[in-house]
Amino acid sequence: MTDSGFPETCALCMDTLRDPVTIPCGDTYCLECIKIYWDQYDHVGVYSCAQCRATFTPRPVLRRNMPNVGSPDPRDPQTPLPQLTPFPYLKRDSLCDFCTGRRSRAVKSCLVCLAYYCETHIKPHYESATFKRHKLVDETGHLDRKICPQHEKGLELFCRSDQMCVCVLCTVREHRSHNIVSAEEERTDKQKILVVTQSDVQHIIQERMKELQELRHNVELLKGNAHRAQGDSDKIFNEMLQAVERWHAEISQLIQANLQASMAQAQGYVERLEQEIMELQRRDSELRQILDTEDNIHFLQNFPTLSVAPEPMVPKVLINPEFSFGEITKTVTDMKEHLDDTCKKEVGTISKTVSDTPVYVLVPRAGGRLKAPVRADFQQPKNRSDFLRYSFSLTFDQNTAYKELALSDNGRKVMRKKTVQFYPNHPDRFDGFCQILCNEPLSGFRHYWEVEWTGEFSIGVAYKTISRKGKSSSSLLGYNEKSWSLLCSDSGYSAWHNKVDKDLPQAPRAGRIGVYLDYAGNTVSFYSISETMDLIHKFSAKFSEALYAGFGVGSSVTICTLEKNTRPY
């Protein structure tokens, strides 16, 4: 510790503190070091301490510390500082070896002179023929590492037999008869490996960012479901007799306890994903800097530690579709009807069901370190009662409706009219085909809905980015890579995706069609609903965006209201 109460060295550059600043968590760094370190995370918007890993949003304002003799240590003096590996490319600027008085920052190193040069003193190397054979590289520090410790000659070669940099004298002595190549040649070969590694790291970053966004979205859905369950519960309990108020409190406590536990668990997953992303971004920055360096020796000496692709730190997190707060609402309704004796029985049953059903499922990644694999293939629905567990309420989006379509029944029925409807202009409106989408985005979970129809029509799902203008295939449901559809008519069914149609075996014609979307499983299935439930067709895909239910309307389409307690066929 210095007299001012701050550590003597910076944990980033591992050198004496220069212009020390203390960040909000109490750790101290060089002003320039922490600025460079945080600059890498400007695009993320979350900044962390390199020692204690505390995070800050927004970026803290840095101010130089003022000396204060006798002031207490910002950290507990009894707690030792963590032993951290120095940040490889966060180095202190080297100073010119030829300046007198105040030394300027070096901009180049000479591998022959083994010295640092500022912009002024490097000029003779460019202007004089004496130095034309000298090798200049960008200043990277550690010139002593460019000299053979045994022969005091410059390291210009690479021994593939021993995987180390060597000098000319090494080739006739210690490394005689070994496989020797120039440092430049070896760098060319290994640079190809690092380029592949960097590409892998960047791909992992993109995947983790997408997972993080999806996890946050699904957590918000969980919160919404919990809030709706709480609201339904409150409404039902207010209609019950005062004698069952104690059961109301117990149900509320159950909901909140599971919600809090789910949120706490989710926060841990979010933080771990954020940490992995930051570590991957730091690795990408290291790779970028080593790939850009002109110093072959510096490149080769750092290659062994940077060429190994990082192992995944965090398992992929999926929301378990089996977990639902909807069961609580159903149970409370039963309690209202059966009163106190039923309450005692059902509260115990639902409490065990909710407690035993995990909210999150951890899926091991390739190369992961989980000791035992976790099943990610949730049980598939087998009958209509199972499908109804995933029933999802949909409404038509008027802003997407073709000009001849009229909505009614609170947005749950659409009919084709002979007259034009006076809708305002909207960029989401289909203007070439008689089509319409629903309002609700579908992703993350399983979803099931049913519709009744008259006249030839098509039913399917589409990305929000599907074209809405003109009569090209890019805006017709099922005729592009952004949509999947089932064409239904009196003569039969056909399945369409990306201009490819498939005539389907004759299935029972029904006035009601069921659609089951397993977003996580990358499938969408269509069923005819009558006295039986029969599969018409199942698409397998790899969904990359939220989906929206879509329809091509021949005469009319009505979205059915489904009850989860409907008896199975």
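Quick caveat: nothing in here was measured; it's all calculated off a predicted structure.

1. Regarding the pairing of strand S24 (residues 547-552)
Part 1 of the argument: Counted residue by residue, S24 has 6 buried out of 6 residues, so it is predominantly covered.
Part 2 of the argument: What you see with S24 is no split at all: Leu547, Ala549 and Phe551 on one side and Tyr548, Gly550 and Gly552 on the other are buried throughout.

2. Comments concerning the pairing of strand S19 (residues 492-497)
Part 1 of the argument: Counting buried positions along S19 gives 5 out of 6 residues, so the element sits mostly inside the fold.
Part 2 of the argument: Sheet topology places strand S18 (residues 483-489) next to S19; 6 bridges connect them, and they run antiparallel. Residue Cys488 lies in a different strand from S19, and its bridge partner there is Tyr493.
Part 3 of the argument: Taking the residues between adjacent antiparallel strands as the criterion, S18 and S19 are bridged by 2 residues.
Part 4 of the argument: In terms of strand pairing, S19 meets strand S20 (residues 500-503) through 4 bridges, oriented antiparallel. Paired with His497 across the bridge in S20 is Val500.
Part 5 of the argument: Linking S19 to S20, which pair antiparallel, is a turn of 2 residues; within it Asn498 sits at a positive phi near 55°.

3. Re the sheet that holds strand S22 (residues 523-529)
Part 1 of the argument: A sheet is described by the order of its strands in space; here 7 strands give the open sequence S13-S14-S25-S16-S21-S22-S23, paired in antiparallel fashion. Two strands bound the open sheet, and with one partner strand each, they are strand S13 (405-408) and strand S23 (533-540). Between one strand axis and the next, the sheet turns by 20° as a mean value, whatever way the strands run.
Part 2 of the argument: Sheet analysis places strand S14 (residues 413-416) next to strand S25 (residues 556-559), joined by 3 bridges and oriented antiparallel. What sits directly across from Met415, in S25, is Ser556.

4. A word on the nonpolar core
Part 1 of the argument: Counting 39 residues, the largest nonpolar core has Trp449, Val451, Phe457, Ile459, Ile513 and Phe551 as the members making the most contacts within it.
Part 2 of the argument: The leading source of residues in this core is strand S17 (residues 457-463), at 4 residues.
Part 3 of the argument: The residues touching Ile459, leaving out its near neighbours within four places in the chain, are Val451, Leu477, Trp484, Ser485, Leu486, Cys488, Ile513, Val515, Phe526, Gly550 and Phe551.
Part 4 of the argument: Within the second largest apolar cluster, 24 residues are counted, among which are Leu155, Ile204, Ile205 and Ile297.

5. Focus: the pattern of salt bridges
Part 1 of the argument: With the rule as written, the count across this model stands at 19 salt bridges.
Part 2 of the argument: Between Glu220 and Lys223 there is a salt bridge, with the nearest N and O atoms lying 3.8 Å from each other. With a gap of 3 residues between them, Glu220 and Lys223 both fall in helix H4 (residues 183-238), about one helical turn apart.
Part 3 of the argument: A relative accessible area of 48% means that Glu220 is categorised as partly exposed.
Part 4 of the argument: Residue classification places Lys223 among the partly exposed residues on the basis of a relative accessible area of 28%.
Part 5 of the argument: The structure contains a network of salt bridges with shared partners spanning Arg160, Glu185, Glu186, Asp189 and Lys190.

The rules we used
- Residues numbered from 1 in each chain as written.
- Predicted model: local features only at pLDDT ≥ 70, side-chain atom pairs only at ≥ 80, totals over all residues.
- Heavy atoms only, no water.
- Buried < 20%, exposed > 50% of the residue type's maximum accessible area, 1.4 Å probe, protein only.
- Helix = DSSP H or I, 4+ residues; strand = E, 2+ residues; numbered from the N terminus.
- Pairing = 2+ DSSP bridges.
- Axes fitted to C-alpha atoms, helices over the stretch in contact; angles between N-to-C directions.
- Core = buried A, V, L, I, M, F, W, Y, C linked by side-chain atoms within 4.5 Å.
- Contact = heavy atoms within 4.5 Å.
- Salt bridge = Lys/Arg side-chain N within 4 Å of Asp/Glu carboxyl O.

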